[in-house]
Amino acid sequence: MKPTTVTHLHQWKQEQRKFASLTAYDASFAKLFEEQGVKVLLVGDSLGMTLQGHDSTLPVTVADVAYHTRAVRRGAPACLLLADLPFMSYATPQLACANAAELMQAGANMVKLEGGSWLCETVKMLTQRAVPVCGHLGLTPQSVNVFGGYKVQGRDELAAKQLLEDAQNLELAGIQLLVLECVPTELARKVTEALTIPVIGIGAGNATDGQILVMHDAFGITGGHTPKFAKNFLAQSGDIRSAVQQYIQDVEQGIYPAEEHSFN
Ligand code: KIV
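Notes on the structure follow. All values derive from a computational prediction rather than experimental measurement.

1. Looking at the overall build of the protein chain
When helices and strands are counted, the protein chain shows 12 helices and eight strands. Taken against the 2.2 N^0.38 rule, which gives 18 Å for 264 residues, the C-alpha radius of gyration of the protein chain at 17 Å falls within 12% of a compact globule. For the protein chain, with 264 residues in total, the buried portion stands at 57%. In the form shown here, the protein chain has an accessible surface area of approximately 11,500 Å², with 51% of it arising from carbon and sulfur atoms. In the protein chain, 20 side chains carry a positive charge and 26 a negative one; their mean positions are 4 Å apart.

2. Regarding the packing of aromatic side chains
The full count for this structure, using the stated rule, is eight aromatic pairs. Aromatic pair Phe-233 and Tyr-256: ring centres 5.2 Å apart, planes at 85 degrees, arrangement edge-to-face. Here the residue Phe-233 occupies a position in the loop between α10 (215-218) and α11 (234-237), and Tyr-256 occupies one in the segment after α12 (240-252), the gap between them amounting to 23 residues. With respect to class, Phe-233 is no different from Tyr-256; both count as buried. Linked through ring pairs, Phe-29, Phe-33 and Phe-219 together constitute an aromatic cluster.

3. Let's talk about the environment of His-8
The residue His-8 is located in helix α1 (residues 6-14) in this model. In this structure the C-alpha to C-alpha distance between His-8 and Lys-39, which are 31 residues apart in sequence, comes to 9.8 Å. Polar contacts involving the side chain of His-8 include one to the main-chain amide nitrogen of Thr-5, which spans 2.9 Å.

4. Brief notes about the site of the ligand
In the region of the ligand, the neighbouring residues are Thr-23, Leu-42, Gly-44, Asp-45, Ser-46, Asp-84, Lys-112, His-136, Glu-181, Ile-202, Ile-212 and Val-214. Side-chain polar atom of Asp-45 to an oxygen atom of the ligand: 3.0 Å apart, as the coordinates give it. Ser-46 is positioned such that a nitrogen or oxygen atom in its side chain is 2.5 Å from an oxygen atom of the ligand. Contact with the protein chains hides 96% of the accessible area of the ligand, taken as 260 Å² for the molecule alone. Class assignment for the residues of the shell around the ligand results in four nonpolar, four polar and four charged.

5. Some remarks on unusual backbone geometry
Across the junction of Tyr-256 and Pro-257, the peptide omega takes the value 0 degrees, indicating a cis bond. Within the secondary structure, Pro-257 sits in the segment after α12. The phi angle at Gln-16 is positive, at roughly 55 degrees, despite the residue not being glycine. Here Gln-16 is to be found in the loop between α1 and β1 (19-23). We classify Gln-16 as exposed; its relative accessible area is 73%. Even without being glycine, Ala-130 reaches a positive phi, approximately 75 degrees. Relative to the helices and strands, Ala-130 resides in the loop between α6 (120-128) and β5 (133-138).

6. Thoughts on the state of the cysteines
All chains considered together, the criterion is met by zero disulfides. Considering cysteine sulfurs only, Cys-120 is the nearest to Cys-97, which forms no disulfide, with 15 Å between them. Note on Cys-182: no disulfide assigned, nearest cysteine sulfur contributed by Cys-134 at a separation of 15 Å.

7. A closer look at the environment of His-216
Relative to the helices and strands, His-216 is located in helix α10. For the pair His-216 and Glu-35, spaced 181 residues apart in the sequence, the C-alpha separation amounts to 18 Å. If near-sequence neighbours (up to four positions away) are discounted, His-216 is found in contact with Tyr-25, Thr-50, Leu-51, Ile-221 and Thr-222.

8. Describing the packing of helix α2 (residues 27-36) against α12
Each pair of packed helices can be described by the angle between their axes along with the distance between the axes. The contact between α2 and α12 brings their axes to 9 Å, and the two run at 55 degrees. Considering their axes alone, α2 and α12 lie oblique with respect to each other. Viewed along their axes, α2 and α12 form a crossing whose handedness is right-handed. When α2 is examined against α12, the residues Phe-29, Leu-32, Phe-33 and Gln-36 are found in contact with a partner set consisting of Ile-240, Arg-241, Val-244, Gln-245 and Ile-248. The class makeup of the residues in the contact of α2 with α12 is six nonpolar, two polar and one charged.

9. Considering the pattern of salt bridges
Under the defined criterion, the tally for this structure stands at five salt bridges. Of the charged contacts in the structure, one is a salt bridge between Lys-112 and Asp-84, with a shortest N-O distance of 2.7 Å. Pair noted here: Lys-112 is in strand β4 (residues 110-114) and Asp-84 is in strand β3 (residues 80-84), with a separation of 28 residues, a long-range link. Lys-112 sits in the buried class, given a relative accessible area of 2%. By relative accessible area, Asp-84 is classed as buried at 2%. With its nearest N and O atoms 3.6 Å apart, the salt bridge here joins Asp-250 to Lys-231. Linking Asp-250 in helix α12 with Lys-231 in the loop between α10 and α11, this pair joins segments that are 19 residues apart in sequence. Classification of Asp-250 by relative accessible area gives buried; the value is 4%.

Reading guide: rules and limits
Residues numbered from 1 in each chain as written. Predicted model: local features only at pLDDT ≥ 70, side-chain atom pairs only at ≥ 80, totals over all residues. Heavy atoms only, no water. Helix = DSSP H or I, 4+ residues; strand = E, 2+ residues; numbered from the N terminus. Rg over C-alpha atoms; globule rule 2.2 N^0.38 Å. Buried < 20%, exposed > 50% of the residue type's maximum accessible area, 1.4 Å probe, protein only. Areas by Shrake-Rupley, 256 points an atom, 1.4 Å probe, with all protein chains shown as cover. Lys, Arg positive; Asp, Glu negative; His and termini not counted. Charge placed at Lys NZ, Arg CZ, Asp CG, Glu CD. Phe/Tyr/Trp six-rings, centres within 6.5 Å; stacked < 30°, edge-to-face > 60°. Polar contact = N/O pair within 3.5 Å; in protein donor to acceptor, adjacent residues only side chain to side chain. Near = heavy atom within 4 Å. Nonpolar A, V, L, I, M, F, W, Y, C, P; charged D, E, K, R; others polar. Disulfide = S-S within 2.5 Å. Contact = heavy atoms within 4.5 Å. Axes fitted to C-alpha atoms, helices over the stretch in contact; angles between N-to-C directions. Parallel < 35°, antiparallel > 145°, perpendicular 65-115°, else oblique. Left-handed = near helix turned anticlockwise from the far one by under 90°. Salt bridge = Lys/Arg side-chain N within 4 Å of Asp/Glu carboxyl O.

In structure tokens, the structure reads:
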């Protein structure tokens with residue numbers, strides 16, 4: 001299978017071809033996802049919640065993400081693989097470089113970090129040193145204690161303006177992809193149209209270039225609170241392979257996310 005690269009994603013944006021991505025944390029699911037046609041996987045620090053049972057992503061370490069990245073890479077050699085830099089692992093540009101090196105050497109093609117314009121220097125430093133970077137704006141779960149909970153972001157005019165400005169600054173600094181989480185659909189549309197890089201949404205409506213879901217949310221096995229944007233693709237067929245195919249198809253055809261999965 002031909003490896004997916006960030007160039008493919010940029011091409012798909014130009015062609016207005018939507019793409020579906022998932023989180024993955026182990027070799028078996030990664031293999032299944034790749035076989036069913038998922039082209040982009042993320043070893044998210046959501047593993048702190050989905051795998052480790054914590055109530056936030058804060059306890060996750062670089063070693064944790066590197067361990068799961070090695071496993072996912074073995075299972076899905078052709079996927080474009082993103083790995084999260086966890087909480088405080090990119091507090092300075094130097095720290096970001098050292099920790100990104102560990103994730104790239106574990107098999108990631110790109111690292112993802114959460115935050116706005118304050119990260120521009122870090123993004124420049126990483127990209128100049130051959131580490132592709134994905135930004136993450138909106139509801140950035142590592143900032144849950146600053147937000148006072150997992151809340152939709154960018155709802156008022158000032159916050160929306162700031163988010164758009166952050167996205168543009170990060171693109172100028174060198175990010176090659178952007179994840180937008182839990183923002184109103186119209187703001188996500190504005191950001192997607194303003195950027196030349198692909199934007200991947202989660203709880204950001206159906207106007208973004210791609211979608212991502214935490215795999216547990218896509219299979220309805222989320223413990224506790226189920227987010228509004230989640231959909232259980234396993235419910236209809238009861239078969240994991242069919243569920244993944246359904247998810248890909250629904251994203252590509254713009255059926256998922258529907259209005260009921262989105263925020264205003
Ligand atoms: O950690 C994660 O799984 C993520 C996704 C929610 C995008 O960052």
